[in-house]
Amino acid sequence: MTRKAIIVGAGIGGLAVAVGLRRAGWSVTVLEQAPELQELGAGWSFAPNAVRAADALGVGERFREVSVPTAAGSTLRIPNGDYLMRFQPGRDTPLLANHRADLQRVLADQLPADVVRTGARVTAVDQSGQTASVTYETSAGTRTAEGDLLVGADGIRSAVRRAVWPDAPGPVFQRILCWRGVTEPGFAWPDGGPGGFQTWGRGARFGAHPLTGGRVFWFLTVRQEQPGVRYGDNLAEVRRRVGAWHDPIPALLTATPPTAVLCHDIFDLDPLQTFVNGRVALLGDAAHAMTPFLAQGACQALEDATSLSAELDRASDLPAALVRYDGDRRARTQMVARMARQDPKVSLSTSPLTYGLMTRLTRLVGGGIANRKAARLWEWSPPITSAS
Ligand SMILES: Cc1cc2nc3c(=O)[nH]c(=O)nc-3n(C[C@H](O)[C@H](O)[C@H](O)COP(=O)(O)OP(=O)(O)OC[C@H]3O[C@@H](n4cnc5c(N)ncnc54)[C@H](O)[C@@H]3O)c2cc1C
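Since we're looking at a predicted model, the values are computed, not measured.

## Some details on the sheet that holds strand S10 (residues 132–138)
Part 1: The antiparallel open sheet is built from 3 strands, whose spatial order is S9-S10-S11. The two strands at the open ends of the sheet, each matched to only one other strand, are strand S9 (121–126) and strand S11 (141–147). The sheet shows a mean angle of 25° between the axes of neighbouring strands, direction not considered.

## Focus: the site of the ligand
Part 1: Neighbouring the ligand are 30 residues, the closest being Gly13, Glu32, Ser45, Arg100 and Asp285.
Part 2: Between an oxygen atom of the ligand and a side-chain N or O atom of glutamate 32, the distance comes to 2.6 Å.
Part 3: Between an oxygen atom of the ligand and a side-chain N or O atom of aspartate 285, the distance comes to 2.7 Å.
Part 4: Coverage of the ligand by the protein amounts to 84% of the 1000 Å² it exposes when considered alone.
Part 5: Counting only elements with at least two residues in the shell around the ligand, the list comes to helix H1 (12–23), strand S3 (43–46), S9, strand S13 (172–182) and helix H9 (297–312).
Part 6: Of the residues that constitute the shell around the ligand, the class distribution is 15 nonpolar, 9 polar and 6 charged.

## Things to note about the environment of threonine 118
Part 1: Relative to the helices and strands, threonine 118 resides in the loop between strand S8 (116–117) and S9.
Part 2: In this structure threonine 118 comes out as partly exposed when scored by relative accessible area, which is 32%.
Part 3: For the pair threonine 118 and alanine 10, spaced 108 residues apart in the sequence, the C-alpha separation amounts to 8.5 Å.
Part 4: Apart from residues lying up to four places away in sequence, threonine 118 is in contact with Glu32, Ala34, Pro35, Glu36 and Leu37.
Part 5: Polar contacts involving the side chain of threonine 118 include one to the main-chain carbonyl oxygen of proline 35, which spans 3.1 Å.

## Details of the pattern of salt bridges
Part 1: Counted by the stated rule, this structure contains 16 salt bridges.
Part 2: Taking the shortest distance from any N to any O, the salt bridge between glutamate 237 and arginine 241 comes out at 2.8 Å. Here glutamate 237 and its partner arginine 241 are both found in helix H6 (residues 234–242), 4 residues apart, which amounts to about one turn of the helix.
Part 3: With relative accessibility at 8%, the residue glutamate 237 sits in the buried group.
Part 4: On the basis of relative accessibility, which here comes to 27%, the residue arginine 241 falls in the partly exposed class.
Part 5: Salt-bridge contacts for aspartate 268 lead to arginine 341; the nearest nitrogen and oxygen are separated by 2.8 Å.

## Details of H9
Part 1: Its 16 residues place the ends of H9 23 Å apart at the C-alpha level, agreeing with the 22 Å of an ideal helix rising 1.5 Å per residue.
Part 2: The buried fraction of H9 amounts to 16 of the 16 residues, a majority that puts the element mostly inside the structure.
Part 3: Once H9 finishes, arginine 314 follows within two positions and takes phi at roughly 65°, a positive value.

## Quick notes on the side chain of asparagine 98
Part 1: Its place among the elements puts asparagine 98 in strand S7 (residues 95–99).
Part 2: Owing to a relative accessible area of 0%, asparagine 98 belongs among the buried residues under this scheme.
Part 3: Side chain to side chain, asparagine 98 and tryptophan 44 meet in a polar contact 2.8 Å long.
Part 4: A polar atom in the side chain of asparagine 98 sits 3.0 Å from the side chain of serine 67.
Part 5: Residues in contact with asparagine 98, not counting those within four places in the same chain, are Ala42, Gly43, Trp44, Phe46, Phe63, Val66, Ser67, Leu103 and Leu211.

## Regarding the pairing of S9
Part 1: Looking at chain direction, S9 and S10 are connected through 5 bridges and run antiparallel. Among the inter-strand pairings, valine 125 is bridged to a residue of S10, identified as valine 134.
Part 2: Where S9 folds back onto S10 in an antiparallel hairpin, the turn is made up of 5 residues.

## A few points about the side chain of glutamine 104
Part 1: Tracing the chain through its elements places glutamine 104 in helix H4 (residues 100–108).
Part 2: According to the relative accessible area criterion, glutamine 104 is buried, its value standing at 18%.
Part 3: Apart from residues lying up to four places away in sequence, glutamine 104 is in contact with Ala10, Leu15, Leu37 and Gln38.

Here is what the cut-offs are and how they apply
- Residues numbered from 1 in each chain as written.
- Predicted model: local features only at pLDDT ≥ 70, side-chain atom pairs only at ≥ 80, totals over all residues.
- Heavy atoms only, no water.
- Pairing = 2+ DSSP bridges.
- Helix = DSSP H or I, 4+ residues; strand = E, 2+ residues; numbered from the N terminus.
- Axes fitted to C-alpha atoms, helices over the stretch in contact; angles between N-to-C directions.
- Near = heavy atom within 4 Å.
- Polar contact = N/O pair within 3.5 Å; in protein donor to acceptor, adjacent residues only side chain to side chain.
- Areas by Shrake-Rupley, 256 points an atom, 1.4 Å probe, with all protein chains shown as cover.
- Nonpolar A, V, L, I, M, F, W, Y, C, P; charged D, E, K, R; others polar.
- Buried < 20%, exposed > 50% of the residue type's maximum accessible area, 1.4 Å probe, protein only.
- Contact = heavy atoms within 4.5 Å.
- Salt bridge = Lys/Arg side-chain N within 4 Å of Asp/Glu carboxyl O.
- Expected span 1.5 Å × (residues − 1).

Shown next as structure tokens:
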């Protein structure tokens, strides 16, 4: 008999686990509160662990097609343009950058049209019977859906987590503000190698990744003591802070439409005791939201989706399979989240002493440190499944 999963959230985690569970023979329904799968968001980068997860989900080829290699993980500069570390082919591994909307489309294209129900906001969870069921609001009224399994992939402010883990603490503000933007198409990187760089200022970090179509995704993170601080003109504020930094930062800002600039406070989550409860499993940011400083949040969501699908592939005992998923994922994701919380304590420090030490050390031994740190994060292999 076909088993059925209800997945809450059509972000990268929800869509990826929908793809994985369908490959494992499950019937899936994804409930998404947004009225449609919008072309929202900016860009992001993916490390080799995420690409392996995409391969295991059967979408690796399409993933590569919408992605561009980026040297930003190992090209580190300071505001006057000097290099602390330069990407070296053969020594450094390029990451893959893509636009969030492109990756979302790759995953959604794997699913039959009726799998994702948009305009469906989940408000309650019930697993008192033999199934897990949710109540959700639509423009046509209140509905319910039920399945053998419920996956909460509904992000850092997860309604599923609140309903099933009522005592879990909420998101924690990490005293960081982040702007992101995407340029118009047609930007040409100066030299022939992979584009992309990061620039470390004191208490501010700028980064840029190439995207398909000659677009560039950039971000600026800064120290900010209070959440909720906003600016009338985000692009003007970014320009005020980094507009005099080295080339091509001014040109990237000029090529960015003001409406394409997003501004967010950065929160993460304290560790949960478990990611599963009965027939309910959490995945992605709902389980372990982390700061973006290691660029691993979405990578870990892809790993989660691969692991959960593998555990549920042919599993006859669902609760036992979910316990194995929890065992497989919790220690690793919480280690990454801990590192991602720790990183900006140093890298975004406003202290001249810390900044001076950090830049000097990076200039001296940056490649070695970065490669050791990356190896710890990227060494992950997908579990074997019947679809492998
Ligand atoms: C500034 C920034 C930069 C980042 N850069 C990177 C990067 O370079 N690399 C990387 O790997 N990660 C990066 N991340 C992290 C990454 O964005 C997240 O980890 C990832 O998007 C999490 O995916 P998710 O599917 O778990 O959650 P989300 O993307 O948050 O998706 C959750 C979905 O659930 C829906 N939803 C919420 N509540 C409900 C409800 N009640 N009912 C129905 N639907 C609901 C939402 O509308 C949303 O579509 C970055 C994060 C930030 C903030």
